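Report on the structure
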Amino acid sequence: MALQSKMVSADLRQFVLGSPLLLSAGAFLVVLSFIRFLVNRPKRFDLPIVGEPDDADYLKAMIEGTAKYPDSPYIIPSSPPLVILPISVINEVRNLPEDKASFMKDVQRMFATKHTGIESGGYALVQSVKISLTRHITSTLDDLQDEVRYSFDKEFGPCGDWTPITVYSKMARIIALLSGRVFVGRPLSREEEWIQATIMFTFYCYQAKNAINAYPEWARGIAAYFSPEVKRVWEFKKRGAKLLQPILDAQMAKLGKEKIHRDDSEDEQGTFISWMLNFTNEDQRRDPLILANNQMGLSIAAIHSTTITVTAIIYDLAAHPEYIQPLQDEIQQIINEDGQDVDGNGFMHLKKGSMSKLWKLDSFMKESQRLTPTHLPTNLRVTTAPLTLSTGHTLPTGTRFGFAAYAIHLSPTFLSSETSRPATEFDGFRFYNLRKIPGNENKHQFVVTSSDSLNFGHGNHACPGRFFASNEIKVVLIELLRNWDFRFLEGKGRPENVLRGFVCGPDTKGVMEFRRKKV
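Only a predicted model underlies this, so the values are computations on that prediction, with no experimental measurement involved.

**Structural notes on the overall build of the protein**
- Within the protein one finds 19 helices and 14 strands.
- The buried share among the 519 residues of the protein stands at 51%.
- Considering only contacts within the protein whose residues lie at least 6 apart along the sequence, 75% involve residues at least 24 apart.
- Split by element, the accessible area of the protein, about 24,300 Å² in all, is 55% carbon and sulfur.

In structure tokens form, the structure reads like this:
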């Protein structure tokens, strides 16, 4: 990355110095950008600092700070600094509007959106997921169950005997296939170019934002013009627009002429896209680049976060094999009680109402996510106006803040009960046992957010796609538990989680052995 940045700097210097007019204009822009940076930078204020700026990750600092300052804010000296708020104030801030505390400003800062063009949460995308997809969740289940069988056959092959497989990379492709089946439909969802585009776009976005964020803020606008990483992001979006053009044309032909609906027995290409178009400004609906922006943004939010969660769950199943038989028994029990549906090809599917009855599987998923979240803090926001808290502290405009979710989930008092193991230990049925307590039946589910369940956020910006992700993960795990044996390589155990800054995840290079069960 440093070498790439030096190359961009060299190209920029050579180009500008070759033209006196550009040199003068460039100097003016640099001065203007620097003045704007000085005016807009966040104000300093007095709070205790925990950790060091050069820490490789901030896990230790978060645990230490939360234990030391449980009732007041403290600062983790990341770049930019992050103010960790006490959980006692979460209800004061979780539903604040954007003109008080902005979720989007933090996303735009992280991805340097103004310079990279990366958008991962526009209005049409968020609304189509939060409203339309959630409303039609049950109608996507047959497609997901059909696609999971196809994807395992395609990606794992026969696997008649124990076969070593890199879990993360295979799961990324399987999740891309499942997500694509719903987001764009067949045949595009199964085309290799689309699969690669939706998987790799996230990596290219992170390369672009890292390349631009390596520069001082006042220099980023100029550097972006010469960045090969930024150029690659735009090339990907343009190619995505071309691939989506036929679907867009078909949907525009329908729009206004007939009510677009989803027939549960058909795989209608473009259904999700029609939902997106309903939330897109009329003057932008025919622009395939707008659609590509939304679809590629969806891949950032949906594919890799779900892959991280699934990979961690598979590692945890192999690390705690005592849970496998009870989970298999639960699935079979629900099938015995509810029966199964038969699709047009004669394959058996779980009924749509059966997923919510898999309490043990839901609990195992939630416990795995508790100990392997995608991020250590959650509910990240940037203040867009001074924010006074009940603690007596006032956060100036431009302050980045969040909550120490991972540290809260490891607290000794976390959801303690007579049947639960300590919070530092893995307890796959922790949340199953809590839900069995009268009055808790609808609490402690994988998708439920609260002050003690923060991995999907909590409040008006809680992950809108968590309901779809939950079903998607369950479909993958049911296939795995019913039809596959799996284990770590001989002499190996669960790969250690990888921590970097505030990011957490399973080892993406971990290899396990898989074998298809004999019928």
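**Observations regarding empty space enclosed by the protein**
- Evaluated as defined, the whole model comprises four cavities of 30 Å³ or more.
- Together, A176, S179, G180, F183, W194, T198, Q295, L298, S299, A302 and I303 line the largest cavity.
- Of all the elements in the fold, those that place two or more residues in the lining of the largest cavity are α9 (167–183), α10 (192–213) and α14 (288–319).
- Per-element tally for the lining of the largest cavity: the top contributor is α14, with five residues.
- Each residue belonging to the lining of the largest cavity can be placed in one class, and the counts come to six nonpolar, five polar and no charged.

**Some remarks on unusual backbone geometry**
- Residue P80 is reached from S79 by a cis peptide bond, and omega for that bond is -5 degrees.
- Here the amide bond leading from R186 into P187 is cis, since omega sits at 5 degrees, within 30 degrees of zero.
- Among the secondary structure elements, P187 is positioned in the loop between α9 and α10.
- A positive phi angle, near 45 degrees, is found at A112, a position not held by glycine.
- For A112, the location among the structural elements is in the loop between α5 (103–110) and α6 (113–116).
- Residue A112 is classed as buried on the basis of its relative accessible area, which comes to 7%.
- Even without glycine at this site, N379 takes up a positive phi of about 55 degrees.
- Here N379 is to be found in strand β7 (residues 378–383).

**Remarks on the side chain of N455**
- Structurally, the position occupied by N455 is in the loop between α18 (430–435) and α19 (466–483).
- A polar contact is formed between the side chain of N455 and the backbone oxygen of Q369, at a distance of 3.1 Å.
- The contacts of N455, once residues within four sequence positions are left out, are Q369, R370, P373, T378, A405 and H409.

**Details of the packing of aromatic side chains**
- Using the criterion set out here, one finds 21 aromatic pairs in the structure.
- Within the aromatic cluster, the residues linked to one another by ring pairs are F152, F156, W484, F486 and F514.
- In this structure, R190 is placed above the aromatic ring of Y150, and the distance from its NZ or CZ to the ring centre is 3.6 Å.
- Above the face of the W234 ring, K237 is positioned so that its terminal group lies 3.9 Å from the ring centre.

**Overview of the packing of α14 against helix α16 (residues 359–371)**
- Viewed as axis vectors pointing N to C, α14 and α16 meet at an angle of 105 degrees, and their least axial separation amounts to 9 Å. Viewed along their axes, α14 and α16 adopt a mutual orientation that is roughly perpendicular. Taken together, the residues of α16 that come into contact with α14 (itself represented by A312, I313, D316 and L317) are F364, M365 and S368.
- Class assignment of the residues belonging to the contact of α14 with α16 gives a composition of five nonpolar, one polar and one charged.

**Topic: the pattern of salt bridges**
- All told, the structure shown has 25 salt bridges when counted by the stated rule.
- E147 serves as the salt-bridge partner of R181, at 2.5 Å between the closest nitrogen and oxygen. Pair noted here: R181 is in helix α9 and E147 is in helix α8 (residues 141–156), with a separation of 34 residues, a long-range link. Like E147, R181 is buried.
- For E367, the salt bridge goes to R370, with nearest N and O atoms at 2.9 Å. On the criterion of helical spacing, the pair formed by E367 and R370 is a turn pair, its members being three residues apart in helix α16.
- Taken together, the salt bridges that share partners define one network made up of D143, D146, E147, R149, R181, R186, R190 and D343.

**Topic: α19**
- Taking 1.5 Å of rise per residue, the 18 residues of α19 would be expected to cover 26 Å, and the 26 Å separating its terminal C-alpha atoms lies within 8% of that figure.
- Among the 18 residues of α19, 15 are classified as buried, and the element is accordingly described as predominantly covered.

**Re the side chain of T311**
- Within the secondary structure layout, T311 lies in helix α14.
- T311 gets classed as buried once you look at its relative accessible area, which sits at 0%.
- Excluding anything up to four places from it in sequence, T311 contacts V167, Y168, M171 and P506.

Cut-offs used in this document
- Residues numbered from 1 in each chain as written.
- Predicted model: local features only at pLDDT ≥ 70, side-chain atom pairs only at ≥ 80, totals over all residues.
- Heavy atoms only, no water.
- Helix = DSSP H or I, 4+ residues; strand = E, 2+ residues; numbered from the N terminus.
- Buried < 20%, exposed > 50% of the residue type's maximum accessible area, 1.4 Å probe, protein only.
- Contact = heavy atoms within 4.5 Å.
- Areas by Shrake-Rupley, 256 points an atom, 1.4 Å probe, with all protein chains shown as cover.
- 1 Å grid on protein atoms, 1.4 Å probe; cavity = no way out; pocket = protein on both sides within 12 Å on 5 of 7 lines; lining within 4 Å.
- Points joined across faces, edges and corners; volume = space filled by probe spheres on them.
- Nonpolar A, V, L, I, M, F, W, Y, C, P; charged D, E, K, R; others polar.
- Polar contact = N/O pair within 3.5 Å; in protein donor to acceptor, adjacent residues only side chain to side chain.
- Phe/Tyr/Trp six-rings, centres within 6.5 Å; stacked < 30°, edge-to-face > 60°.
- Lys NZ or Arg CZ within 6 Å of the ring centre and 35° of its normal.
- Axes fitted to C-alpha atoms, helices over the stretch in contact; angles between N-to-C directions.
- Parallel < 35°, antiparallel > 145°, perpendicular 65-115°, else oblique.
- Salt bridge = Lys/Arg side-chain N within 4 Å of Asp/Glu carboxyl O.
- Expected span 1.5 Å × (residues − 1).

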